[in-house]
Amino acid sequence: TGNEGFLVFVAGTSYMAATDSAGNFTISGIPAQSGYLIIIMKGSFTTVWLTQQSVSAGGTANLGTKNLTSTEIGGAGGLQWKGSFAVAPTNPQTNWAYYNTTNRTSYIWNGSEWDILAAPGVDGQNGDKGETGATGPQGETGAAGQDGADGPQGPQGPSGSGIIVLQENVEQSGIVVPNKFDIYMLTVPAGGAIFSKTSGDNKVYISVYPSNGSSAIVRSDSSNTSFSIPYSSDPFLVVVSAGDGYFSRPYKIGYVSADTALSAPANVQVNSSNGLVSWSSIIGAKGYAVYRSTDGTTYTQIDDVDATYFIDGFGILLGGDLLLQSRRLQ
């Protein structure tokens, strides 16, 4: 009993599914790859199910059965990150996890021994050398073309070593802070700007400084994932920092003009068996408005969510269309 409503997701991706009343689920469209980490979550309960899981191209991976007791789910269970150490923590408890700085591997205690959560990959073997192709015939020399018009001035380059220029409306994805902080440069558009970082990274901070090096004018805290900054004719320096245990994992930052319309939610996925609707996050969006229509013309708002998913249980029974709309920070 109680098998329904568990979220099963592939760590580091947007692929997930909710279990049905029998505890079954299906996640489709996952790219062929090895080393996937599978996590189960419900309420305050979180646990790692499988590590180093592989998916072949066009294939199906049956993950088997995971048995959970009511004591595990109702207790304080779930992965507990302990930090980075040269040796394993002493007197470990079930679901303790840590990063070993000696062999650059993350482990989790399963109750009797340390299991590997993530480990450095190894180089694959070199492929066979291909045959040299035949030399094509000499082409005729073409006539000299006219000189083209001067192109527009390119964007401002980085100011010194180690500073990256942020691009408007482009999310910088998969960034790993090598030494607990990275520096970026930003020329704020006329409408001001709205910053966004990966939801849930409560140990990753974004601080914005004037280029003259004075105190930060704004920074994110441990809970907010987006904030706005005013327009300035001078560039700003954006410093991204991370706490212990967080600086070695990838995250995303980006910004949009405050007077630019937000993009519509993309990569929408619908699970017709349980009503789970999910989509990719949009830079600058604080939340998403959900509307329903039964005639395809008139839409009525039914919810306003901060997450990038919505469980439309009634939609399975009532049918009709859903409309998603990004909501700005203001």
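None of these values were measured; they are calculated from a predicted model. Along each chain, residue indices are assigned from 1 in the same order as the chain's sequence is written. Local features in this predicted model are restricted to residues of pLDDT 70 or higher, and side-chain atom pairs are both shown and tallied only at a pLDDT of 80 or more, whereas totals for entire chains, interfaces and linings draw on every residue. Values shown for side chains rest on all heavy atoms present in the structure; no hydrogens or waters enter the calculation.

All right, on to the overall build of the protein chain then. Runs of E in the DSSP output that reach at least two residues are strands. Runs of H or I that reach at least four are helices, and both are numbered from the N terminus. For the protein chain, the count of helices and strands is two helices and 23 strands. The buried label applies to any residue whose accessible area, calculated with a 1.4 Å probe on protein chains only, is under 20% of its type's maximum; exposed applies above 50%, and partly exposed to all values in between. For the protein chain, buried positions account for 31% of its 330 residues. A total accessible area of about 20,100 Å² is found for the protein chain, and carbon and sulfur atoms account for 49% of it. Here the accessible surface of atoms and residues is derived via Shrake-Rupley with a 1.4 Å probe, and residues count as covered only by protein chains that are part of the display.

So, about the packing of aromatic side chains. For this analysis, a ring pair means two rings from Phe, Tyr or Trp (six-membered ring only for Trp) whose centres lie within 6.5 Å, classed as stacked if their planes differ by under 30 degrees, edge-to-face if by over 60, and tilted for the remaining angles. On inspection of all chains with the given rule, the structure shows six aromatic pairs. On the basis of an interplanar angle of 65° and a centroid distance of 5.2 Å, the ring pair of W109 and W114 is categorised as edge-to-face. Aromatic rings pair up to connect F85, Y98, Y107, W109 and W114 into one cluster. Two conditions define a charge located above a ring, namely a distance within 6 Å from the ring centre to NZ of Lys or CZ of Arg, and an angle within 35 degrees of the ring normal. Sitting above the plane of the W96 ring, K82 keeps its charged end 4.4 Å from the centroid.

Empty space among the atoms becomes visible once a probe the size of a water molecule is rolled across them. By volume, the second largest pocket amounts to about 870 Å³. Lining the second largest pocket are 35 residues; nearest its centre among them are G23, F25, W49, L63 and G64. Secondary structure elements with two or more residues in the lining of the second largest pocket: β1 (7-10), β3 (33-42), β4 (45-55) and α1 (70-74). In this classification, Asp, Glu, Lys and Arg are treated as charged, Ala, Val, Leu, Ile, Met, Phe, Trp, Tyr, Cys and Pro as nonpolar, and every other residue, Gly included, as polar. In the lining of the second largest pocket, the residues fall into 16 nonpolar, 18 polar and one charged. A pocket here means an open set of points on a 1 Å grid, computed over the protein atoms alone, that has protein on both sides within 12 Å along at least five of seven lines. A cavity is instead a set of points where a 1.4 Å probe fits but cannot get out; residues with an atom within 4 Å of a point line either one. Grid points are joined across faces, edges and corners, and a volume is the space filled by probe spheres set on the points.

A few words now on the confidence of the model for the protein chain. Think of pLDDT as the predictor's per-residue confidence, scored from 0 to 100. With 62% of its residues at a pLDDT of 70 or more, the protein chain has an overall mean of 74. Least confident of the elements in the protein chain is strand β10 (residues 172-175), whose mean pLDDT is 53; most confident is strand β19 (residues 276-280), at 87.

Tracing the backbone through its elements, the reader meets N274 in the loop between β18 (266-271) and β19. In this structure N274 comes out as buried when scored by relative accessible area, which is 14%. Along the chain, N274 and F25 lie 249 residues apart, while their C-alpha atoms are 9.5 Å from each other. Polar contacts involving the side chain of N274 include one to the main-chain carbonyl oxygen of A18, which spans 3.0 Å. Polar contacts here mean pairs of N or O atoms no more than 3.5 Å apart (in protein, one a potential hydrogen donor and the other a potential acceptor; neighbouring residues in sequence count only if both atoms are side-chain atoms).

Among the secondary structure elements, S263 is positioned in the loop between β17 (251-257) and β18. For the pair S263 and S281, spaced 18 residues apart in the sequence, the C-alpha separation amounts to 9.9 Å.

Turning our attention to unusual backbone geometry. Unusually for a residue other than glycine, N91 sits at a positive phi of about 50°. Along the polypeptide, N91 turns up in the loop between β5 (80-85) and β6 (96-100). Among the residues examined, N91 registers a relative accessible area of 66% and is labelled exposed. Even without being glycine, R104 reaches a positive phi, approximately 55°. Tracing the sequence through the fold places R104 in the loop between β6 and β7 (105-109). By relative accessible area, which is 54% here, R104 ends up exposed.

Take the buried residues of types Ala, Val, Leu, Ile, Met, Phe, Trp, Tyr and Cys, join any two whose side-chain atoms come within 4.5 Å, and each joined set is a nonpolar core. F6, V8, V10, Y15, Y36, I38, I40, F45, W49 and V55 together form the largest nonpolar core, which totals 10 residues. When contributions to this core are tallied by element, the ones reaching two or more residues are β1, β3 and β4. Should any heavy atoms of two residues lie within 4.5 Å, those residues are considered in contact. Every residue in contact with V10, bar those within four places of it in the chain, is listed here: Y15, I27, I30, Y36, L37 and I38.

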